[in-house]
Amino acid sequence: MRPHDAQKGAQATQTAQTLVLASASPRRRDLLAQIGITPDAIAPAHIDETPFRDELPKPHAERLAREKAAAIAPDHVGALVLAADTVVAVGKRILPKAEDEATARMCLKMLSGRRHKVISGISIVLPSGKHLTKSVTTVVAFKRLSDMDIDHYIESGEWDGKAGGYAIQGLAATYVRFLSGSYSNVVGLPLFEVGGWLNAHLKQN
């Protein structure tokens, strides 16, 4: 990994200093850039993200992150592979990614006036093949949303493809009355944990 280098195509065998991000999310790339890290390759993992029956939010986020990293690692032997998955949960209920207005509206109504958790599972595969996974949880509380608030947010289009139907770095920031934990985690990647992990393991390999 070399900060601010242009992205390079994936290779069959790569050096220990190569970082592969197993995500197409521009938000995660921007967050890594914020701490001076540019992945050498972007290799999105395409896996089934459907929760198992009775699967709780934290194990779900960790499982998806682990599966994403594991899916990409065989094509990038010798690289350090980073994967993440972010889940929004109300109690034990995992909210979906909002792919349509009806789903986004449902999510916003559930989040209105209450606390929820944003959980990011993060996983890395080291050049040695060792696999590490953990998660970070942030508690967020929305104000009570009026029908006008929800209509306005739906019109913004910021909900599209977002876990829980919102993006905190946009208009939804005006709905947040309380946040405890990592802000960057809510955006999509907990930088304190990821930065420490990458620095430690890239130096060791």
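Refer to the structure above for everything that follows.
As the structure is a prediction and not an experimental result, all values here were calculated from the model.

Take the environment of His-60 next. Secondary-structure assignment places His-60 in helix H2 (residues 57-72). Considering only alpha carbons, one finds His-60 and Ser-182, 122 residues apart in sequence, at a separation of 19 Å. In this structure, His-60 is in contact with Glu-49, Thr-50, Pro-51, Glu-55, Val-87 and Ile-94, ignoring residues within four places of it in sequence.

What follows is about the pairing of strand S3 (residues 80-90). A regular strand carries its side chains on alternate faces of the sheet. Most of S3 is tucked away: 11 of the 11 residues are buried. Along S3, one buried face is formed by Leu-80, Leu-82, Ala-84, Thr-86, Val-88 and Val-90 and the opposite face, lined by Val-81, Ala-83, Asp-85, Val-87 and Ala-89, is buried too. Summarising the sheet, strand S1 (residues 19-21) and S3 pair through 3 bridges and their orientation is parallel. Bridged to Val-20 within S3 is Val-81. Where S3 lies against strand S5 (residues 115-125), 9 bridges are found, and the strand directions are antiparallel. Counterpart to Ala-89 in the pairing with S5 is Lys-117. The pairing of S3 with strand S4 (residues 93-94) spans 2 bridges and is antiparallel. The residue bridging Val-90 from the neighbouring strand is Arg-93, located in S4. Between S3 and S4, which pair antiparallel and follow one another directly, the connecting turn spans 2 residues, one of which, Gly-91, has a positive phi of 65°.

Criteria and cut-off values
Residues numbered from 1 in each chain as written. Predicted model: local features only at pLDDT ≥ 70, side-chain atom pairs only at ≥ 80, totals over all residues. Heavy atoms only, no water. Helix = DSSP H or I, 4+ residues; strand = E, 2+ residues; numbered from the N terminus. Contact = heavy atoms within 4.5 Å. Buried < 20%, exposed > 50% of the residue type's maximum accessible area, 1.4 Å probe, protein only. Pairing = 2+ DSSP bridges.

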